[in-house]
Each structure stands twice: as C-alpha cells, then as structure tokens.
Amino acid sequence: MTKIVIKATENGPCLIEVDGKKVAALCRCGASNNKPHCDGSHIKIGFKANATEIKV
Ligand code: FES
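Residues numbered from 1 in each chain as written. Predicted model: local features only at pLDDT ≥ 70, side-chain atom pairs only at ≥ 80, totals over all residues. Heavy atoms only, no water.

**Q** What is the right way to read the UniProt feature "domain: Iron-binding zinc finger CDGSH type" (unreviewed entry) in the chain from this model?
**A** In the numbering used here, UniProt assigns the "domain: Iron-binding zinc finger CDGSH type" (unreviewed entry) feature to residues 11-48. Helix and strand shares over residues 11-48 are 13% and 29% respectively, and the end C-alpha atoms of the span are 4 Å apart. (UniProt positions renumbered as here; feature names shortened; annotations may be inferred. Helix = DSSP H or I, 4+ residues; strand = E, 2+ residues; numbered from the N terminus.)

**Q** How do you make sense of the environment of histidine 37 when you look at a structure like this?
**A** For histidine 37, the position within the fold is in the loop between β3 (21-26) and α1 (41-45). Taking C-alpha positions, histidine 37 is 5.3 Å from cysteine 27, a pair spaced 10 residues apart along the chain.

**Q** Please explain the sheet that holds strand β4 (residues 52-55) as it appears in this structure.
**A** Spatial ordering of the open sheet is given by β3-β2-β1-β4, a layout of 4 strands whose pairing is antiparallel. Because the sheet does not close on itself, it has two edges, and the strands there are β3 and β4. On average, adjacent strands in this sheet sit at an angle of 20 degrees to one another, irrespective of strand direction. Sheet analysis places strand β1 (residues 4-8) next to β4, joined by 4 bridges and oriented antiparallel. Across the sheet, alanine 8 pairs through a bridge with threonine 52, a residue of β4. (Pairing = 2+ DSSP bridges. Axes fitted to C-alpha atoms, helices over the stretch in contact; angles between N-to-C directions.)

If you want it as structure tokens, here you go:
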C-alpha cells in the first residue's frame, strides 16, 4: 500500500511525500509566483505558521 504524508513545515510549504520520497513542495503562504508550487517567496514575506503532519 502506498504511504502518503503531507507535512506542513514550520513557516514554509507543505511537503508531499510518497513512500518516503518528497514529490512536491506546495505553497501555503499565497505569495508564490509558481503556484501551486513553493518558490521560496514565503521567506521574503516572513510567512509564519506552525508545523503539522497528516498521514493518508
Ligand atoms: S510556501 Fe513557499 S512560496 Fe508560499
């Protein structure tokens, strides 16, 4: 069975992992110029958010 984990990183994007391999970093700050992917803009805007993890 495939294991999918969504990790919201502290002050950063949501990392999508499939069977332990990172497959995507999705923006959750709203500032990326390459949505839905994170382009690092969260650092420039000083995005603050807690880390959390969801296992699917
Ligand atoms: S979370 Fe990285 S650009 Fe939005």
